[in-house]
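Now for the letters of each chain:
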Amino acid sequence: MAQVTEHGGGVWSIPVPIPDNPLGHTLVHLLDTDRGPVLIDTGWDDPTAWDTLTAGLAACGTSVADVHGVLVTHHHPDHHGLSGQVREASGAWIAMHAADAQVVRRTREAEPSRWLLYLEEKLSAAGAPEEHLAPLRAARAAGRAGLPGQRPALPDREIVPGELLDLPGRRLRAVWTPGHTPGHVCLHLEEAHPAAGEGMPGHGRLFSGDHLLPEITPHIGLYEDPDDTTVIDPLGDYLDSLERVAALAPAEVLPAHQYAFTDAPARVRALLSHHEERLAGLLTLLTTPLTPWQLAESMEWNRPWEQIPYGSRNIAVSEAEAHLRRLVKLGRAEAVPGSNPVMYQAI
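Residues numbered from 1 in each chain as written. Predicted model: local features only at pLDDT ≥ 70, side-chain atom pairs only at ≥ 80, totals over all residues. Heavy atoms only, no water.

Undergrad: Would you mind showing me how to read the packing of helix H7 (residues 234-248) against helix H10 (residues 310-329) here?
TA: Helix packing for two helices is described by the angle between their axes and how far apart those axes are. For the pair H7 and H10, interaxial distance at closest approach is 7 Å and the crossing angle is 80°. One finds that H7 runs roughly perpendicular with respect to H10. Between H7, through Leu-235, Gly-236 and Leu-239, and H10, the contact on the second element is made entirely by Ala-322, His-323 and Arg-326. In the contact of H7 with H10, the residues fall into 3 nonpolar, 2 polar and 1 charged. (Axes fitted to C-alpha atoms, helices over the stretch in contact; angles between N-to-C directions. Helix = DSSP H or I, 4+ residues; strand = E, 2+ residues; numbered from the N terminus. Parallel < 35°, antiparallel > 145°, perpendicular 65-115°, else oblique. Contact = heavy atoms within 4.5 Å. Nonpolar A, V, L, I, M, F, W, Y, C, P; charged D, E, K, R; others polar.)

Undergrad: Can you help me understand the pattern of salt bridges in this one?
TA: Side-chain pairs of opposite charge can arise whenever the charged atoms involved come near each other. Throughout the structure, instances matching the rule amount to 13 salt bridges. Close ionic contact of Lys-122 with Glu-321 constitutes a salt bridge, the shortest N to O distance being 3.0 Å. Of the two residues, Lys-122 is situated in helix H5 (residues 112-125) and Glu-321 in helix H10; the sequence distance between them amounts to 199 residues. The pair Lys-122 / Glu-321 is uniform in exposure class, with both members buried. With a closest N to O distance of 2.8 Å, Glu-191 and Arg-170 form a salt bridge. You can see Glu-191 sitting in the loop between strand E9 (185-189) and strand E10 (205-209) and its partner Arg-170 sitting in the loop between strand E7 (157-158) and strand E8 (172-176), a full 21 residues away along the chain. The class for Glu-191 is partly exposed, based on a relative accessible area of 24%. (Salt bridge = Lys/Arg side-chain N within 4 Å of Asp/Glu carboxyl O. Buried < 20%, exposed > 50% of the residue type's maximum accessible area, 1.4 Å probe, protein only.)

Undergrad: Which parts of the structure should I look at to understand the environment of Pro-201?
TA: Note that Pro-201 resides in the loop between E9 and E10. Among the residues examined, Pro-201 registers a relative accessible area of 64% and is labelled exposed. The spacing of Pro-201 and Asp-41 is 160 residues in sequence and 27 Å in space, taken between C-alpha atoms.

Undergrad: How do you make sense of helix H8 (residues 264-285) when you look at a structure like this?
TA: In an α-helix there are 3.6 residues to a turn, and that puts residues three or four apart on one side. The end-to-end C-alpha distance of H8, which contains 22 residues, comes to 32 Å, matching closely the 32 Å that a straight helix rising 1.5 Å per residue would cover. Residues Ala-264, Arg-267, Val-268, Leu-271, His-275, Arg-278, Leu-279, Leu-282 and Leu-283 constitute the buried set of H8. Along the axis of H8, the buried residues cluster in a sector spanning 155°; they form a single face. Structural note: H8 exposes Arg-269, Glu-277 and Thr-284 on the side pointing more than 90 degrees away from its buried face. Close packing links the buried residues of H8 with H7, strand E11 (252-255), helix H9 (292-298), H10 and strand E13 (344-346). (Expected span 1.5 Å × (residues − 1). Arc of directions from axis to C-beta.)

Undergrad: Could you clarify how one ought to interpret helix H1 (residues 47-59) in this entry?
TA: With 13 residues, H1 ought to run about 18 Å at 1.5 Å a step, and its terminal C-alpha atoms sit 18 Å apart, in line with that. Restricting attention to buried positions, one finds in H1 the residues Ala-49, Trp-50, Thr-52, Leu-53, Gly-56 and Leu-57. Down the axis of H1, the smallest arc covering the buried residues is 165°, so these residues share one side. Where H1 is buried, its residues contact strand E2 (11-17), strand E3 (25-31), strand E4 (38-40) and helix H3 (83-90). With a side-chain oxygen positioned 3.0 Å from the backbone nitrogen of Thr-48, the residue opening H1 is Asp-46. (Polar contact = N/O pair within 3.5 Å; in protein donor to acceptor, adjacent residues only side chain to side chain.)

Undergrad: Explanation requested: the layout of surface pockets in the structure shown.
TA: One way to see where empty space is left: roll a probe the size of a water molecule over the atoms. The space that makes up the second largest pocket amounts to roughly 170 Å³. As for the second largest pocket, its lining consists of Lys-122, Ala-125, Ala-126, Leu-222, Pro-292, Glu-321, Leu-324, Arg-325, Val-328, Val-342 and Tyr-344. Grouping the constituent residues of the lining of the second largest pocket by class yields 8 nonpolar, no polar and 3 charged. (1 Å grid on protein atoms, 1.4 Å probe; cavity = no way out; pocket = protein on both sides within 12 Å on 5 of 7 lines; lining within 4 Å. Points joined across faces, edges and corners; volume = space filled by probe spheres on them.)

Undergrad: Looking at this structure, how should I read the environment of Val-160?
TA: Tracing the chain through its elements places Val-160 in the loop between E7 and E8. For Val-160 and Glu-243, which are 83 residues apart along the polypeptide, the C-alpha to C-alpha distance reads 19 Å.

Undergrad: What's the story with the sheet that holds E3 in this structure? I'm lost.
TA: Within the open sheet, the 7 strands sit side by side as E1-E2-E3-E4-E5-E6-E7. Their pairing is mixed. Looking at which strands have only one partner, the edges of the open sheet turn out to be strand E1 (5-6) and E7. The sheet strands contacting H1 are E2, E3 and E4, and the helix crosses E2 at an angle near 160°. Running over the sheet, H3 touches E4, strand E5 (69-71) and strand E6 (93-96) and is turned about 150° from E6. (Pairing = 2+ DSSP bridges.)

Undergrad: So what exactly am I meant to see when it comes to the nonpolar core here?
TA: Among soluble globular proteins, nonpolar side chains are generally buried collectively. Membership of the largest hydrophobic core comes to 42 residues, with the highest contact counts inside it found for Leu-123, Leu-212, Leu-286 and Leu-295. For this core, the elements supplying multiple residues, two or more each, are H5, helix H6 (130-141), H7, H8, H9 and H10. Setting aside residues up to four positions removed in sequence, Leu-212 forms contacts with Leu-242, Val-245, Val-253, Pro-255, Phe-261, Ala-264, Arg-267, Val-268 and Leu-271. Of all hydrophobic cores here, the second largest spans 23 residues; its members include Leu-53, Val-64, Val-67 and Val-104. (Core = buried A, V, L, I, M, F, W, Y, C linked by side-chain atoms within 4.5 Å.)

Undergrad: I keep staring at the environment of Leu-167 and nothing clicks. Help me out?
TA: Tracing the chain through its elements places Leu-167 in the loop between E7 and E8. With 102 residues separating them in the primary sequence, Leu-167 and Arg-269 have C-alpha atoms 32 Å apart. Apart from the residues lying within four places of it in its own chain, the contact partners of Leu-167 are Leu-31, Thr-33, Val-38, Leu-71, Trp-93 and Leu-172.

Everything listed is a geometric property; what it means functionally is a separate question.
Here it is in structure tokens:
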């Protein structure tokens, strides 16, 4: 039997494994409604993950065929991956914020080689060395498909921020929390916590997706979209979104990774402090002009740069660029005129 956790008040979580990923699993949440169970995220599109999800639903006393709807916190494959399969098995609707639905639409429509070319151009502009760019050029020359390599399901409903979702018998309100993705949402269950009678402070429960996690910070990078030239500030969006969530002061947070926790405002304060310290550290590094690639090489990660795998280096550079974008917007750093690839320096 699958290891599920009953959180009380018609809420369960099912740990669905993510293949070859240190996060281990995605916590798929099940919410009972008067029209049947609704899932919050679905997990990675993988046979083992599917078997775990279906076994987890059985352990919760239901089945995938009974699922009424799927609420997707954001479009990443460890959250949205199995949504299409759930819909095929149950006829359930899939709901997502419009900004992430647009990412899914563009992902499905883009020529696969376009992603490889985009990534190559992006990394070249960031100052990546030739040995890092060569595999991308080789893959394109060989006609191999590029990112993202999947055809995620198109949602058929929109999650509108600030509105209660159409879930009979429940009060679940969408909270737009961009940063990790442009259309990331948290979902605030505006109902008394089952432990409220025991004096648990706070207001309801928050399904936080990847926005607010108990021990780790989500990746904040520049959103990957070859056809979108909008100048964005994901880190600024994320920090603003954190403040919004802290103001809700939920009694408990039910995230998509790790475990449920309390005192969301304290966790938000810790994350705000972490990012302020990181930005200050980057300004120290930028006393010498650096390309985004050189900055990423110099930043502190969970392992030395030499040990970071190829794909993870791409993510690290994107995160460095998001921090640079924030520093530039704050007037604390600037691009060095005439530099190619572009270098940045502290002001």
